[in-house]
Amino acid sequence: MNNGENAVPLLAARDLAKTHGRTQALRGASAELRAGEILAVTGASGSGKSTLLHCLAGIVRPDAGSVTYGGERLDRLPEKRLSGLRRGDFGVVFQFGQLIPELTALDNVALPLMLAGSSRGDAQARAGEWLERFGVRGQAGLRPGEMSGGQAQRTSLARALVTGPKVVFADEPTGALDSLASEQVMTALVHTARDSGTAVLLVTHDAQVAAYADREVRLSDGAVVPTGVTA
Amino acid sequence: MMLMSTRHVLLGLLVSGPSHGYDLKRRHDERFPQARPLAYGQVYTTLQRLVRDGLAEVDGTDADGGPERTMYRSTTEGSHELARWAGEIAPPAPFVTNEIFAKVVVSILSGGDPEAYLKAQRAAHMKRMRELTAVKTAKGADLSTLLSADYALNHLDADLRWMTTTAARLTTLTAEVDTA
Amino acid sequence: MRAELRLALLLTRGSNRREWWRVVLTAIGAVMATGIGLVIMVLVPMTGHHDVGVGSGLLDEPGTRGGVIIALMLLLIPVFGFLGQCARIGAVHRDRRLAALRLAGATPAQVRRIAALETGPACLAGSSVTTVFSVLLLLRLWQRPAPWAWAGMAVVAVLVPVLGAAVSVLALRGVVASPLGRLRRVRPTAGPGRAFQVATGLLGLPAVLVAMTPLTGDPFEFGVVGFALGPLTVFALCLLVGASAVWLAGFSSRWLGRVLAARAQRPALLIAAERLYDDPWAASRTHGAVLLVTVVSTGFVGVRQTLLADLEASRRMGQLGMDMSYYTNGIELTAAAILVALAIVLTGLAVGTAESLATRRRGLATQHAAGVPHGVLARALLLETALPLACAVTVAGIGGMAIGVWYASLTTEHTVPDVPYAALLVPLAVYGACMLAAATALPLLRRSVRPAELRYA
């Protein structure tokens, strides 16, 4: 899990600044994610957690600062490359909304594979295995609206992990769930990430969820709060 | 699980069948993995008190190839007492001793840095929560382990929430403490 | 009422650009509806021969005037469709807003009045502008217009905003009923409502009437009654065709969605097909209007070809009563009217596509953030329009062709019946135009998938 100080970070953000309209979401935030590590980004609402995740995942370009992934400047890559990266190397899980409401759970999970060129049959077969792994095989034929929140989120995890990404970005993945469903989703995420060596960037305001991570970065007013103790 | 109920917990373990002190300690630590492990001395004093109060009695000795051990078993009165205790509601924390709050106030009074203290305390809490979560999510962890880790996690989380809101209100608190 | 007015104003002022689009487009729709309505109202009370400066003599005689009235009434159909489409802009958002008002303690009547005040003024603006200009124009063309014309114009000028407000209130009946509104996305999977079914049934009546014509005699020959009945019958028949087209589009969408979703190999096709299957009625209204225009225009091109050939033959034989241009002008005017209808329908389609995008923009932004390429989302969007239309336009084209061939077979007086093959190009052209109209929403897709949309969780 902890690769120590010597390891080169897989993903690193340096002095990020980002303004949305009149609000400054990030002012000089830096963070790094090592390969296979689970990192929690915590902070109060509006502290810039989600914007930091968006910048690191290449969804949003920062106004200033740099994002480096595998030696490449993510903030300078063209949109097409970024899309490709998000499809292959990255997986994302949000509080809700990443599942297409009209597709069944199985097709939702199969979608990233089909986008990568797999045939529908192959994609569905692999999607089925992933649903099994997250304990929602029985819901394969249901649409997101017909599942419980926990089942939908586990389906989202399956969709994020089905392509074998190097990093999974999870933005309040348990935000809409009760504590038991939240525990099931987090346990499934942590186990799979550990088994496959996937790094996870976990944005949450919930300390119990953050405790699933190896390390914590705390944000306040768009910058990282220096902590006396390091894990 | 707390100290005050050790006698009832031991009595509960005895109800399932006669047992000696060492065995009781082992079973207790297994059943309540996140609780503080019982000391042998404590087990024997508690057993003696149970016998004194007529809730348990000596069942004989058992050598089993090793050193001789005194076996204990529960009495009928013990079973009644156990049933009464198990059904009785626990008082919902009537007097919380809040060491963290005391430290914050003292820190303000003595001109210290309550914010730095809260930050360090928070980090320590988070570290412990990560450890407990790791225990909980370890492959093959049984439900007892999970539930007792959960209990501790929820209490630490409550402390943590309190610390977060307190840290945000330190300025007002400082003004209040200083003028008082 | 003062409070409601103030609230409606506040809500409109604080609303986003989409709300302004709705207001502007609704006003434009009201301009068209009022304009057409006013012309009809001026023409209807005219009796006997008049010398009208416009319309190349078509408005001079009662017979041709009746034809023009029919054509204008038919033009109202796509205009209504367009207005319906405008009412749907921001509907989900508006539903939520009014439900919040109900939660805050507004009575159903208050919410209804606010809803009416949000649409009524837009229609009123459209109708007043048109009425003022029409009156000025009319006074230049016609020194002493008939009193009935004035009355009719007044009725139209008032009726358009009142109807607009009434329709917007009707559309919000679900929200008014419950303060929780329709929390889920509006999803009429069950198909059109009962009102629509009843309307289709009522429209069927004139069809039966026409079918009975050979037995009862020509209904167009009952003097005044016949005069009113004739255009109305044609109007109703066209509405019937449109309503049937809505059903056809809906059912074919569901069927196509199911068949394609099971077999799709490409992600874009899969998404489009599942969306169709899930909500086949979403686009059926616009598609219904497209089909109606396709039937009419395909039929017209066939009829026109036969008619012109026939006229040419008559002219050569010297049997024409009037100048050739008298007839051709009428035909070309009809063609122009059909083109206008097509333009309105296409605008409605573009508005509908844009609206469906705007409603889903958060979901689309999330998809894009999750790595679904822009191209796949764009193709899925186009396929959603292309798939059901392909089926329906084919059927409509065949229908229109049948009209053309039937007409050609009737007019064997001077010419050998000729299959009007040119008409076959019409469905293709309409289909192409529809795809272009749907494609106008693509720039909006690029805006919709901006990550800023992710921020409103």
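Residues numbered from 1 in each chain as written. Chains lettered and ligands numbered in written order. Predicted model: local features only at pLDDT ≥ 70, side-chain atom pairs only at ≥ 80, totals over all residues. Heavy atoms only, no water.

Peer 1: It is not clear to me how the overall build of chain A should be interpreted in this structure. Could you clarify?
Peer 2: Each helix and strand in chain A was counted, giving seven helices and ten strands. For 231 residues, the compact-globule formula gives about 17 Å, and the C-alpha radius of gyration of chain A, at 17 Å, lands near that figure. Seen along its three principal axes, the alpha-carbon backbone of chain A occupies a region of about 45 × 40 × 40 Å. A separation of at least 24 residues holds for 69% of the contacts in chain A among residues at least 6 apart in sequence. (Helix = DSSP H or I, 4+ residues; strand = E, 2+ residues; numbered from the N terminus. Rg over C-alpha atoms; globule rule 2.2 N^0.38 Å. Contact = heavy atoms within 4.5 Å.)

Peer 1: Is there a simple way to explain the packing of helix α12 (residues 324-359) of chain C against helix α15 (residues 425-439) of chain C in this structure?
Peer 2: Working note: a packed helix pair is described by the angle between its axes plus the distance between those axes. Residues and elements named next belong to chain C. Orientation of α12 relative to α15, taken along the N-to-C sense of each, is 40 degrees, at an axis distance of 8 Å. Taken as axis vectors, α12 and α15 run oblique relative to one another. Crossing angle aside, the handedness with which α12 passes α15 is right-handed. Contacts between α12 and α15 involve Leu342, Leu346, Leu349, Ala350 and Thr353 from the former and Val430, Ala433, Cys434, Ala437 and Ala438 from the latter. (Axes fitted to C-alpha atoms, helices over the stretch in contact; angles between N-to-C directions. Parallel < 35°, antiparallel > 145°, perpendicular 65-115°, else oblique. Left-handed = near helix turned anticlockwise from the far one by under 90°.)

Peer 1: Help me understand unusual backbone geometry, please; the structure alone is not making it clear to me.
Peer 2: Peptide bonds are trans in most cases, and residues, glycine excluded, mostly fall at negative phi. Residues and elements named next belong to chain A. Positive phi, close to 45 degrees, is recorded for Glu172, a residue that is not glycine. For Asp221, which is not glycine, the phi torsion reads 50 degrees and is therefore positive. Among the structural elements, Asp221 can be located in the loop between β9 (215-220) and β10 (223-224). By relative accessible area, which is 57% here, Asp221 ends up exposed. (Buried < 20%, exposed > 50% of the residue type's maximum accessible area, 1.4 Å probe, protein only.)

Peer 1: Help me understand the side chain of Thr42 of chain A, please; the structure alone is not making it clear to me.
Peer 2: Relative to the elements of secondary structure, Thr42 of chain A occurs in strand β3 (residues 38-43). Of note is the side chain of Thr42 of chain A, whose polar atom sits 2.6 Å from the side chain of Glu216 of chain A. Within polar-contact distance, the side chain of Thr42 of chain A engages the side chain of Arg218 of chain A at 3.4 Å. Discounting residues that sit within four places of it in the chain, Thr42 of chain A has contacts with Lys49, Thr204, Ala210, Glu216, Val217, Arg218 and Leu219 of chain A together with Arg122 of chain B. (Polar contact = N/O pair within 3.5 Å; in protein donor to acceptor, adjacent residues only side chain to side chain.)

Peer 1: Sorry if this is basic, but what is going on with the nonpolar core here?
Peer 2: As a rule of thumb, soluble globular proteins bury nonpolar side chains together. Judged by nonpolar contacts, the single largest core of 73 residues is most densely connected at Phe134 of chain A together with Met129 of chain B. Ranked by size, the runner-up nonpolar core spans 49 residues in total, among them Ala33, Met46, Leu76 and Ala337 of chain C. (Core = buried A, V, L, I, M, F, W, Y, C linked by side-chain atoms within 4.5 Å.)

Peer 1: What's the story with the interface of chain A and chain C in this structure? I'm lost.
Peer 2: Often, the extent of an interface is quoted as the loss of accessible area upon association of its parts. Contact residues are listed per partner, giving 27 residues for chain A and 28 residues for chain C. Counting every contact that joins chain A to chain C gives three salt bridges. For Arg143 of chain A, the salt bridge identified is with Glu274 of chain C, shortest N-O distance 3.1 Å. Here chain A and chain C share twelve residue pairs in polar contact (both at pLDDT 80 or more) between them. Looking at the side of chain A that touches chain C, the elements that each hand over two or more residues are α1 (49-56), α2 (79-88) and α3 (105-115) of chain A. Residues that form the side of chain A that touches chain C fall into these classes: eleven nonpolar, eight polar and eight charged. (Salt bridge = Lys/Arg side-chain N within 4 Å of Asp/Glu carboxyl O. Nonpolar A, V, L, I, M, F, W, Y, C, P; charged D, E, K, R; others polar.)

Peer 1: I'm lost on the domain arrangement of chain C in this one. Help?
Peer 2: Residues and elements named next belong to chain C. When the domains of chain C are assigned, the result is domain 1 (1-181) and domain 2 (240-457). Contact with domain 1, which involves 20 residues of that partner, is made by 22 residues of domain 2. Carbon and sulfur atoms make up 70% of the surface buried where domain 1 meets domain 2, a total of about 1700 Å² over both sides. Between the two partners, domain 1 and domain 2, sit zero residue pairs in polar contact (both at pLDDT 80 or more). Those elements that place two or more of their residues in the side of domain 1 that touches domain 2 are α2 (17-43), α3 (62-87) and α4 (91-103). For the side of domain 1 that touches domain 2, the residue count by class is eleven nonpolar, six polar and three charged. (Domains from an automatic or database assignment. Buried area = accessible area lost by both parts, 1.4 Å probe.)

Peer 1: Can you walk me through the environment of Leu142 of chain A in this structure?
Peer 2: Residue and element names in this part refer to chain A. With respect to the element layout, Leu142 can be found in the loop between α4 (120-133) and α5 (149-161). Look at Leu142 and you get partly exposed, because its relative accessible area is 30%. Each C-alpha atom, one on Leu142 and one on Asp107, is 9.8 Å from the other, the two residues being 35 residues apart in sequence. Apart from residues lying up to four places away in sequence, Leu142 is in contact with Leu103, Thr104, Ala105 and Met147.

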